[in-house]
Amino acid sequence: MSAIGSLVFCTDCGNLLDGSAGDAKALLLCEVCGASNKDTSSKVVITRSNPSAFPSALRAKRSEVQTLTEEDMQTDATIRQTCEKCGREEVRYYTQQLRSADEGSTVFYTCECGHK
Ligand SMILES: [Zn+2]
Ligand SMILES: [Zn+2]
């Protein structure tokens, strides 16, 4: 069986190619997309695919996910603010971007007692 260190993946479609003979000059043929791949098992994998070759929709989706993650980290936290209902000195708060960009983001405070 092949060791993990000798796995070679197709640079075009990511398909796992059949084991290598350890010959750096050998070309491995991808069974999925038919692309010829250099046997990179014995050295650092260099992807020759141009990043711009990826579908723009896929890239947009990825950046969208990253943006959401950042917002989640920023918008859910606690702040020293006294709840006017139960007197708790620390409440959770989050910001929410309203539909109109002109109105900016609104900060909401929520207490564990349910008071907003
Ligand atoms: Zn392939
Ligand atoms: Zn409260």
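Named according to an unreviewed UniProt entry, the chain is DNA-directed RNA polymerase subunit originating from Cryomyces antarcticus.

Draft legend 1. The arrangement of the overall build of the chain in detail. On a plain count of helices and strands, the chain comes out with 1 helix and 5 strands. Counting from the amino terminus, helix and strand elements in the chain follow one another as β-β-α-β-β-β. Looking at the chain residue by residue over its 116 residues, the buried ones come to 7%. Long-range contacts, defined here as pairs at least 24 residues apart, represent 24% of the contacts in the chain between residues at least 6 apart.

Draft legend 2. Spatial organisation of the pairing of strand β5 (residues 105-110). Of all 6 residues in β5, 0 are buried, a share of ten percent or less. Where strand β4 (residues 90-97) lies against β5, 6 bridges are found, and the strand directions are antiparallel. Looking across to β5, one finds that Arg 92 is bridged to Thr 110.

Draft legend 3. Broad picture of the environment of Cys 113. Relative to the helices and strands, Cys 113 is located in the segment after β5. Spatially, the C-alpha atoms of Cys 113 and Arg 88 are 8.7 Å apart, while their sequence positions differ by 25 residues.

Draft legend 4. Expanded view of the sheet that holds β5. The strand order across the open sheet built from 3 strands is β3-β4-β5, with neighbouring strands paired in antiparallel fashion. Only two strands of the sheet have a single neighbouring strand rather than two, namely β3 (77-80) and β5. Each neighbouring strand pair of the sheet contributes to a mean axis angle of 40 degrees, computed without reference to strand direction.

Draft legend 5. Inspection of the environment of Tyr 109 at higher detail. Structurally, Tyr 109 can be placed in strand β5. The spatial distance from the C-alpha of Tyr 109 to the C-alpha of Gln 81 is 8.6 Å, given a sequence separation of 28 residues.

Draft legend 6. Spotlight on the environment of Leu 27. Within the secondary structure, Leu 27 sits in strand β1 (residues 27-29). For Leu 27, a count of 10 C-beta atoms within 10 Å corresponds to the exposed category. C-alpha separation for the pair Leu 27 and Asp 39, spaced 12 residues apart in sequence, amounts to 6.0 Å.

The rules behind the values
- Along each chain, the written sequence defines residue order, and numbers are assigned to residues from 1.
- Written order decides the labels, with chains lettered from A and ligands numbered from 1.
- Local features in this predicted model are restricted to residues of pLDDT 70 or higher, and side-chain atom pairs are both shown and tallied only at a pLDDT of 80 or more, whereas totals for entire chains, interfaces and linings draw on every residue.
- Working definition: helices are DSSP H or I runs of at least four residues, strands are E runs of at least two. Numbering for both runs from the N terminus.
- Around each residue's C-beta, the other C-beta atoms within 10 Å are counted; 20 or more make the residue buried, 12 or fewer make it exposed, and counts in between make it partly exposed. All C-beta atoms are placed from the backbone.
- Contacts are defined on C-beta atoms placed from the backbone: any two residues whose C-beta positions lie within 7 Å are in contact.
- Here, strands pair whenever DSSP counts at least two bridges between them.
- Working convention: axes come from line fits to C-alpha atoms, limited for helices to the stretch in contact. Angles between N-to-C directions cover 0 to 180 degrees.

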